[in-house]
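Structural overview
Each chain, letter by letter, is given below.
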Amino acid sequence: MMPATTATHCPYCALQCGIHLTTGPAGMIVSGDAAFPVNQGALCVKGWSAPETLTHRDRLRTPLVRETGARCSPLVPGTWDDALERIARRFAEIQTRHGRDAAAVFGGGSLTNEKAYLLGKFARVALGTSNIDYNGRFCMSSGAAAATMALGVDRGLPFPLEDIPQATTILLAGANIAETLPPLMQYFEAHRSRGGTVIVVDPRRTPTAAWADWHLALRPGTDAALANGLLHVLIRDDLIDTVYIRDRTEGFEQARQIAAVYWPEKVEQLTGVPAPQLVEIAHHLGAAAHPMILTARGPEQQSQGVSNTLAYINIALALGAVGKPYSGFGCLTGQGNGQGGREHGQKADQLPGYRRIDDDEARAHMADVWGIPASAIPGIGKSAYELLMSIGRGGGVRSLLVMGSNIAVSAPNASVVREKLEALEFLVVADFFLSETAELADVVLPCTQWAEEDGTLTNLEGRVLRRRKVSEPPEGVRSDIEILCTLGERLGHRRQFLYANSEAVFDELRRASRGGPADYFGITYERVETEKGVFWPCPSIGHPGTQRLFTDAFPTPSKRARFHAVSHRSIGEETTEEFPFYLTTGRILAQYQSGTQTRRVRALDAIAAQPFLEMHPSSATVVGVAAGDRVVLTTRRGSATFVVKTTLSIREDTVFVPFHWAGEQSANRLTNAALDPTSKMPEFKVCAARIDRADP
Ligand code: SF4
C-alpha cells in the first residue's frame, strides 16, 4: 500500500487547523499543513493525536437497542433496520399521543454545516417540532446575541486572524488562548514582536495571562463593571473617537450615562482590580492606533453574559475601532463548527442563513426551499436547558434525538439533567462511542467520524472550510446524513430527504442561506478547495467572499452600530459563609469538551488523565488541605471529588475545575444553570462552592 496524503482539518476546536493525513502501512499519520493560512503548520497535541479515535477499540460498530424494549433491560447489538424502525415508530406514537412538540432534537457545534442544516430540517419538516436546540447554546450564545444586538450580525471574528499582528493593543477578556487555541498564539507573538501590548482579563493567571503584558485578575462575574469602568475613564479623559461615534453609531448618550457612575474606585470595589491599573489600561487602549477587543467564554458564560459582552463592545465602539483595519471587536468561538453550527438552523429560534424563524419572509423563503407550506414550519422552540428541564412536565418533551452532543456531561446541573434524560419515554443517541448520554439511550446509532466523511465547517473567522474523507468507516457504521435521510423517509418525507451526497446537502444549504445574514450562496465545494476557504457572506459565485465586515456600514436598520446601556448585575449565586469560594470552570490543553473523544486518546490521557481543583495556597491553608489531597467540592447542586493543585496564579476567593470528566469528577454536577435572560446561556463560569477534605 502506497502512502496517500490528504489535506483536511483537525476534528476539534474552532481554529480548524489544516492538517495532512497520510495513510499507509503504519496507519494514519498527522502533520500540520504549512500552506493552510490559519495555523501555518502549527498544531496542538489534540490535533497530532486525533487519528487514534478512528480505530479505537471502544468504537461502536453496530446499533444498540434495549433487549426487551424496556429502559431497564441491557443495551444489546441490533440491526439497523430494527433500530430505525423502533425510532420512527416510537417518535410517531409519542407525537400522536402528546403532540408534535413532544419530540425534540439536540444537536452540536461539532456537526458539519451539512449535518447542522439537515438536523434543523429533520426537526422542522420530518418531525414538525419546534423543539430543536444544541450545545452551542452552552458555548457561544451570549457572544452571538450581543454581536447581533450591537453590530447587526454575529460572525465571531468579523476580520481575519491576519489582522491580529498589526493591532497595537489587544484586550483579551476571559480567553486562555495558550491552552485552548495554542496555534493561535503565533499571531499574538507576532503582534507583540511588533511592539503591541496584550491585556488579559481573567480571574486566573492562566498561561495566557502570565505571558501577556497586563493581567487584570477580576472577581468572577464582574466583567460588565470592569468594562463600564474602562469606558468611564475613556470618556472622562477624552480618549474616545467622537467623530466615529457621531457618524457610525447610535445610543452613545445612554451608555455614557451608565458609564458615568462606574468611577475607578467603585469599580475596584466591585471587581478587585486596582483603580490606578484600570486607569492605566484605559489610557493604553485610548492611545492605541489599532485597538482590538476579543472576548471568549469567561465573560460570556454568565447569567449576564450578553450584558458583559455588550459592555466590551461599547469600549470598541467608543474607541472607533469596529470596521477599521487591524482593529475591532470579536468573540473567539470554541467548538469545531461553533460558527457554522449556529448559522444553519439547529437553534430553537433560527432558520438557515442565520434567519429568524419568526420572520415571515424567512419562513416563506425556507418553505420554498423545503417544498412545504410556510404554515407547516413550527415557531420558536425551547432553548437547550429549558428543553431539557421540560422533560417529565406536562406539555414537555418526551422523546429526544441527540446528535453530536454528550449532554449528560456538558450541561449544567448535570445530575438533574441526567434524571431528566432517564425520565424520557424514548431517547436516541447517534455517536461513535458509548458516551455517558448514549449509555442512557433506548437506541444508540453508531456514526462516522471526521476523517470518514466529506463536508464543510466554518471556523472562528467565518471562513468556510472543506473536511475531506480520508478513510472508509468501519463496517456497520453510517453517517449522520444517511441516518437523518433514512429516518426522514421512514417518517413519510422521502422527497425532502433525498441527497446524492454531502455536496448535494450543501448545495441546498447554499440556496437556503441565500439572501440571509450568513449568505453562503456563492460558496461551492470547488471554491473552498481552491481558495483555501471562503469567508461569508458570499452572495454570488463571482463574489470574493467577505474577509472584513462593517468597513462601510453595519447591517442594522440604521446602518449604525448600537451602544447598549448595561449595568453590572449580581451573579446568580453569591458566596456565603457556607459556600465561601467562587467556583469557575473551563477547558485544559489536553482534553476537549465532554471528553468523549479525548479521554480515550492515550497521548492525551498521559498528559491529563484526571481533573483537579486549582486553588491558592493561602486558601488551602485556611481550609486545612494541601496539594495532592483529595477534597469534596460542594455547591447547592451536589458534590464532586478532586485532587488539590495549589497555585499562586488564582485569586484567593476562587477555585477552578476543568469540565471534561463525568460521574464523581463531573464539574457540571456543580455548575449553576442560572440563565442569561436573552441568550439563555447558563452560568458555567461562576457559582458559590465549599471545599471539604475527602474521607481517607
Ligand atoms: S488548536 Fe484546535 S484545531 Fe488546532 S490542532 Fe488544536 S484542537 Fe485542533
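Structure first, text after, so check above.
Here we take up the overall build of the protein. Of the regular secondary structure elements, the protein holds 24 helices and 30 strands. The C-alpha atoms of the protein give a radius of gyration of 24 Å, which matches the 26 Å a tight globule of 696 residues would have. Projected onto its principal axes, the C-alpha coordinates of the protein cover approximately 70 × 70 × 60 Å. For the protein, with 696 residues in total, the buried portion stands at 65%. Contacts in the protein between residues far apart in sequence, at least 24 positions, make up 72% of those at least 6 positions apart. Split by element, the accessible area of the protein, about 23,200 Å² in all, is 51% carbon and sulfur. Averaging the locations of the 71 positively and 75 negatively charged side chains of the protein gives two centres separated by 2 Å.

Residue P537 is reached from W536 by a cis peptide bond, and omega for that bond is -5 degrees. Looking at the element boundaries, P537 is found in the loop between strand 21 (534–535) and strand 22 (561–562). Despite not being glycine, Q40 shows a phi value in the positive range, around 50 degrees. Tracing the sequence through the fold places Q40 in the loop between strand 3 (27–32) and helix 1 (45–48). Even without being a glycine, K532 presents a positive backbone phi close to 55 degrees. Mapping K532 onto the fold places it in the loop between helix 22 (525–531) and strand 21.

The terminal C-alpha atoms of helix 2 (residues 80–98) lie 27 Å apart, and with 19 residues this matches the ideal 27 Å at 1.5 Å per residue to within 8%. Along helix 2, the residues that are buried comprise W80, A83, L84, R86, I87, A88, R90, F91, I94 and Q95. Count one or two residues on from helix 2 and you reach G99, which has phi positive near 95 degrees.

Here Q346 lies in the loop between helix 15 (338–341) and strand 14 (350–351). Remark: the alpha-carbon pair of Q346 and V30, spanning 316 residues in sequence, is separated by 31 Å. With residues near it in sequence (within four places) discarded, Q346 still touches G107, G108, L111, A116, L119, I132, D133, Y134 and G341. Looking at Q346, its side chain comes within polar contact range of the main-chain oxygen of G108, at 3.0 Å. Within the local environment of Q346, its side chain forms a polar contact with the backbone oxygen of G341, the two atoms lying 3.2 Å apart.

Another point: the packing of helix 3 (residues 113–127) against helix 16 (residues 360–370). The interhelical angle for the contact between helix 3 and helix 16, taken along N-to-C directions, is 95 degrees, at an axis separation of 12 Å. With respect to their mutual orientation, helix 3 and helix 16 come out roughly perpendicular. Counted together, Y117, K121, R124 and V125 of helix 3 and M366, V369 and W370 of helix 16 form the full contact between these two elements. Residue composition of the contact of helix 3 with helix 16, grouped by class: 5 nonpolar, no polar and 2 charged.

Our next topic: the pattern of salt bridges. Within the structure shown, the criterion is met by 49 salt bridges. R466 is the partner of D454 in a salt bridge, and the nearest nitrogen-oxygen pair spans 3.5 Å. Within this pair, whereas D454 is found in the loop between strand 18 (443–446) and strand 19 (455–458), its partner R466 is found in strand 20 (residues 463–467), the two being separated by 12 residues in sequence. By relative accessible area, which is 30% here, D454 ends up partly exposed. Given a relative accessible area of 10%, R466 falls into the buried group. With a shortest N-O distance of 2.9 Å, R468 and E529 are connected by a salt bridge. Linking R468 in the loop between strand 20 and helix 20 (480–490) with E529 in helix 22, this pair joins segments that are 61 residues apart in sequence.

Taken together, C10, Y12, C13, Q16, C17, L43, C44, K46, G47 and P183 form the complete shell of residues around the ligand. When each cavity is represented as a set of grid points, the ligand is found to reside in the second largest cavity. Taken together, the residues of the shell around the ligand break down into 7 nonpolar, 2 polar and 1 charged.

This next bit is on the nonpolar core. Core analysis: the biggest nonpolar cluster contains 120 residues, and F122, L151, L171 and Y312 have the highest contact counts within it. By residue number, the principal contributor to this core is helix 14 (residues 305–318), which donates 9 residues. Of all hydrophobic cores here, the second largest spans 52 residues; its members include L43, L161, V200 and A590.

Before going further, it helps to examine the side chain of R363. Along the chain, R363 turns up in helix 16. Buried within the structure, R363 lacks any salt-bridge partner; its nearest side chain of opposite charge belongs to D360, at an N-O separation of 4.7 Å. When residues no more than four places from it in sequence are discounted, the contact partners of R363 are L351, I357, A374, S375, I377, P378 and G379.

Okay, the pairing of strand 23 (residues 581–586) next. For strand 23, the tally of buried residues reaches 6 of 6 residues, placing the bulk of the element in the interior. Burial of strand 23 is two-sided: the residues F581, L583 and T585 facing one way and the residues Y582, T584 and G586 facing the other way are all buried. Bridge analysis of strand 23 against strand 30 (residues 687–693) gives 3 bridges, and the strand direction is antiparallel. Directly across from F581, in strand 30, lies its bridge partner A689. Pairing of strand 23 with strand 27 (residues 654–658), which is carried by 5 bridges, proceeds in the parallel orientation. The partner of G586 across the bridge, within strand 27, is P658.

Okay, the sheet that holds strand 2 (residues 18–24) next. Taken together, 3 strands build an open sheet; the order of strands is 1-2-3 and the sheet is antiparallel. The open sheet has two edge strands with one neighbour each: strand 1 (4–9) and strand 3. Neighbour to neighbour, the strand axes of the sheet diverge by 30 degrees on average, direction disregarded. Relative to strand 3, strand 2 is paired through 6 bridges, and the arrangement is antiparallel. Note on strand 3: the bridge partner recorded for I19 is G32.

The buried fraction of strand 8 (residues 169–173) amounts to 5 of the 5 residues, a majority that puts the element mostly inside the structure. The side-chain alternation of strand 8 yields two buried faces, one formed by T169, L171 and A173 and the other by I170 and L172. Examined bridge by bridge, strand 8 and strand 9 (residues 197–201) share 5 bridges and lie parallel to one another. In the strand pairing of strand 9, L171 is matched with I199. Where strand 8 and strand 12 (residues 291–295) come together, 5 bridges link them in parallel fashion. Among the inter-strand pairings, I170 is bridged to a residue of strand 12, identified as M292.

Before going further, it helps to spend a moment on the sheet that holds strand 9. Whenever strands of a sheet pair, they do so through backbone hydrogen bonds, lying parallel or antiparallel. Ordered in space as 10-9-8-12-13, the 5 strands form an open sheet in which the pairing is parallel. The open sheet has two free edges, formed respectively by strand 10 (214–216) and strand 13 (328–331), since each of these has just one partner strand. For this sheet, the mean angle separating the axes of adjacent strands, direction not counted, is 15 degrees. The pairing of strand 9 with strand 10 spans 3 bridges and is classified as parallel. Bridging from a neighbouring strand, V200 pairs with H215 of strand 10. Strands in contact with helix 14 are strand 8, strand 9, strand 12 and strand 13; relative to strand 13, the strand with the most contacts, it is inclined by about 155 degrees.

Rules behind the numbers
- Residues numbered from 1 in each chain as written.
- Predicted model: local features only at pLDDT ≥ 70, side-chain atom pairs only at ≥ 80, totals over all residues.
- Heavy atoms only, no water.
- Helix = DSSP H or I, 4+ residues; strand = E, 2+ residues; numbered from the N terminus.
- Rg over C-alpha atoms; globule rule 2.2 N^0.38 Å.
- Buried < 20%, exposed > 50% of the residue type's maximum accessible area, 1.4 Å probe, protein only.
- Contact = heavy atoms within 4.5 Å.
- Areas by Shrake-Rupley, 256 points an atom, 1.4 Å probe, with all protein chains shown as cover.
- Lys, Arg positive; Asp, Glu negative; His and termini not counted.
- Charge placed at Lys NZ, Arg CZ, Asp CG, Glu CD.
- Expected span 1.5 Å × (residues − 1).
- Polar contact = N/O pair within 3.5 Å; in protein donor to acceptor, adjacent residues only side chain to side chain.
- Axes fitted to C-alpha atoms, helices over the stretch in contact; angles between N-to-C directions.
- Parallel < 35°, antiparallel > 145°, perpendicular 65-115°, else oblique.
- Nonpolar A, V, L, I, M, F, W, Y, C, P; charged D, E, K, R; others polar.
- Salt bridge = Lys/Arg side-chain N within 4 Å of Asp/Glu carboxyl O.
- Near = heavy atom within 4 Å.
- 1 Å grid on protein atoms, 1.4 Å probe; cavity = no way out; pocket = protein on both sides within 12 Å on 5 of 7 lines; lining within 4 Å.
- Sits in = over half its atoms within 2 Å of the grid points.
- Core = buried A, V, L, I, M, F, W, Y, C linked by side-chain atoms within 4.5 Å.
- Pairing = 2+ DSSP bridges.

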